[in-house]
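Reading the structure
Each chain, letter by letter, is given below.
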Amino acid sequence: MLHCFGSYILADLLLGEPLIDYFSNNSSVLLASAVWYLIFFCPLDLFYKCVCFLPVKLIFVAMKEVVRVRKIAVGIHHAHHHYHHGWFVMIATGWVKGSGVALMSNFEQLLRGVWKPEVNEIMHMSFPTKASLYGAILFTLQQTRWLPVSKASLIFIFTMFMVSCKVFLTATHSHSSPFDVLESYVCPVLFGSALVGDHHHDNHGGAHGGSHGGSGPGSPHSAMATKSKEELSEGSRKKKTKKAD
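What comes next is a walk through the structure.

Reading the values: rules and limits
Residues numbered from 1 in each chain as written. Predicted model: local features only at pLDDT ≥ 70, side-chain atom pairs only at ≥ 80, totals over all residues. Heavy atoms only, no water. Helix = DSSP H or I, 4+ residues; strand = E, 2+ residues; numbered from the N terminus. Buried < 20%, exposed > 50% of the residue type's maximum accessible area, 1.4 Å probe, protein only. Contact = heavy atoms within 4.5 Å. Axes fitted to C-alpha atoms, helices over the stretch in contact; angles between N-to-C directions. Parallel < 35°, antiparallel > 145°, perpendicular 65-115°, else oblique. Left-handed = near helix turned anticlockwise from the far one by under 90°. Nonpolar A, V, L, I, M, F, W, Y, C, P; charged D, E, K, R; others polar. Patch = residues over 30% accessible without salt bridge, like charges linked within 9 Å, V, L, I, M, F, W, Y side chains within 5 Å. Areas by Shrake-Rupley, 256 points an atom, 1.4 Å probe, with all protein chains shown as cover. Salt bridge = Lys/Arg side-chain N within 4 Å of Asp/Glu carboxyl O. Lys, Arg positive; Asp, Glu negative; His and termini not counted. Phe/Tyr/Trp six-rings, centres within 6.5 Å; stacked < 30°, edge-to-face > 60°.

Attention now goes to the overall build of the chain. Secondary structure assignment for the chain yields 11 helices and 0 strands. Going residue by residue from the N terminus, the α and β elements of the chain occur as α-α-α-α-α-α-α-α-α-α-α. When the 245 residues of the chain are sorted by exposure, 29% land in the buried category. Of all intrachain contacts in the chain linking residues separated by at least 6 positions in sequence, the fraction that spans at least 24 positions is 63%.

Here it is, written out as structure tokens:
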């Protein structure tokens, strides 16, 4: 239920509305329960195998992205109804509407007793979460009349982008993001390059290691000691060969 209704729960939490309001929709709750039962308890895992069959999976992926864009647009409109000039509130609401399942995963892990900080969706965003954030910004600009484009056109363009990207990533089993190329150019300009810091750290570590009297593995003394050991072993091998002859 947290995965199915995570976006609605987080949006209601941000807007101060009842968190269980969406659970009043009986058809949605029954549908989610039926899907849960078939995924985990269908004989021979037939339902799970059918859903994981790639052509069928691509259809569901495309449908999910269509619903995601619609939820972002509805979330922005809903937040704008309560806060006409609250840009941050509109962006946050649209973001959780589009990626509520991923953002809810941290709380879901706590409930199951499995905490994985390395997969924190806020610290390490996946493509759908990041795209939902960018989409929320675009729909907020359109809602506040700063983006001169109709809502229908923006929904169509962003839906085509999300569907094509997500279907391609799923078909190729890729975990990369289409934003990686853009971010590789923008992030060094805005936040500095991480390669410079790593290079400086490596040079500092090398100099620091060499300043401790050559005790490191790459110091001249260790190299000479290794060389002398090799010469001694070579000399003893030659003596043994002569005795054998």
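Next comes the rest of the write-up.
Here the focus is the packing of helix H4 (residues 54-82) against helix H5 (residues 87-103). At a minimum axis separation of 8 Å, H4 and H5 run at an interaxial angle of 150°. Regarding the angle of H4 to H5, the classification is roughly antiparallel. With respect to the hand of their crossing, H4 and H5 are arranged in right-handed fashion. Here Arg68, Lys71, Ile72, Gly75, Ile76, Ala79 and His80 of H4 lie close against H5, whose contacting residues are Val89, Met90, Ile91, Thr93, Gly94, Lys97, Gly98 and Ser99. Considering only residue class, the contact of H4 with H5 consists of 6 nonpolar, 6 polar and 3 charged.

Taken together, the side chains of Val181, Leu182, Tyr185, Val186, Val189, Leu190 and Phe191 present a nonpolar region at the surface, about 830 Å² in accessible area. With respect to the element layout, Phe191 can be found in helix H9 (residues 180-191).

This next bit is on the side chain of Asp12. Within the secondary structure, Asp12 is located in helix H1 (residues 2-15). One buried charged side chain, Asp12, makes no salt bridge at all; its nearest oppositely charged neighbour is Lys97, positioned 6.0 Å away. Each residue touching Asp12, except ones within four places of it in the same chain, is listed here: Glu17, Pro18, Leu19 and Asp21.

Before going further, it helps to examine unusual backbone geometry. Phi is positive for Leu44, which is not a glycine, with a value near 60°. Mapped onto the secondary structure, Leu44 falls in the loop between helix H2 (26-41) and helix H3 (46-52). Although it is not a glycine, Asp45 sits at a positive phi angle of roughly 55°. Tracing the sequence through the fold places Asp45 in the loop between H2 and H3.

Here we take up the packing of aromatic side chains. Applying the stated criterion across every chain, the model contains 13 aromatic pairs. Measuring from centroid to centroid gives 5.4 Å for Phe5 and Tyr22, while their planes differ by 50°, and the two rings are tilted. A residue pair is termed long-range when its members are at least 10 positions apart, and Phe5 in helix H1 and Tyr22 in the loop between H1 and H2 qualify at 17 residues. Here the aromatic rings of Trp87 and Trp146 are separated by 6.0 Å at their centres, their planes lie at 75°, and the arrangement is edge-to-face. Of this pair, Trp87 sits in helix H5 while Trp146 sits in the loop between helix H7 (127-143) and helix H8 (151-171); the two residues are 59 residues apart in sequence, bridging distant segments of the chain. Trp87 sits in the partly exposed class, given a relative accessible area of 34%.

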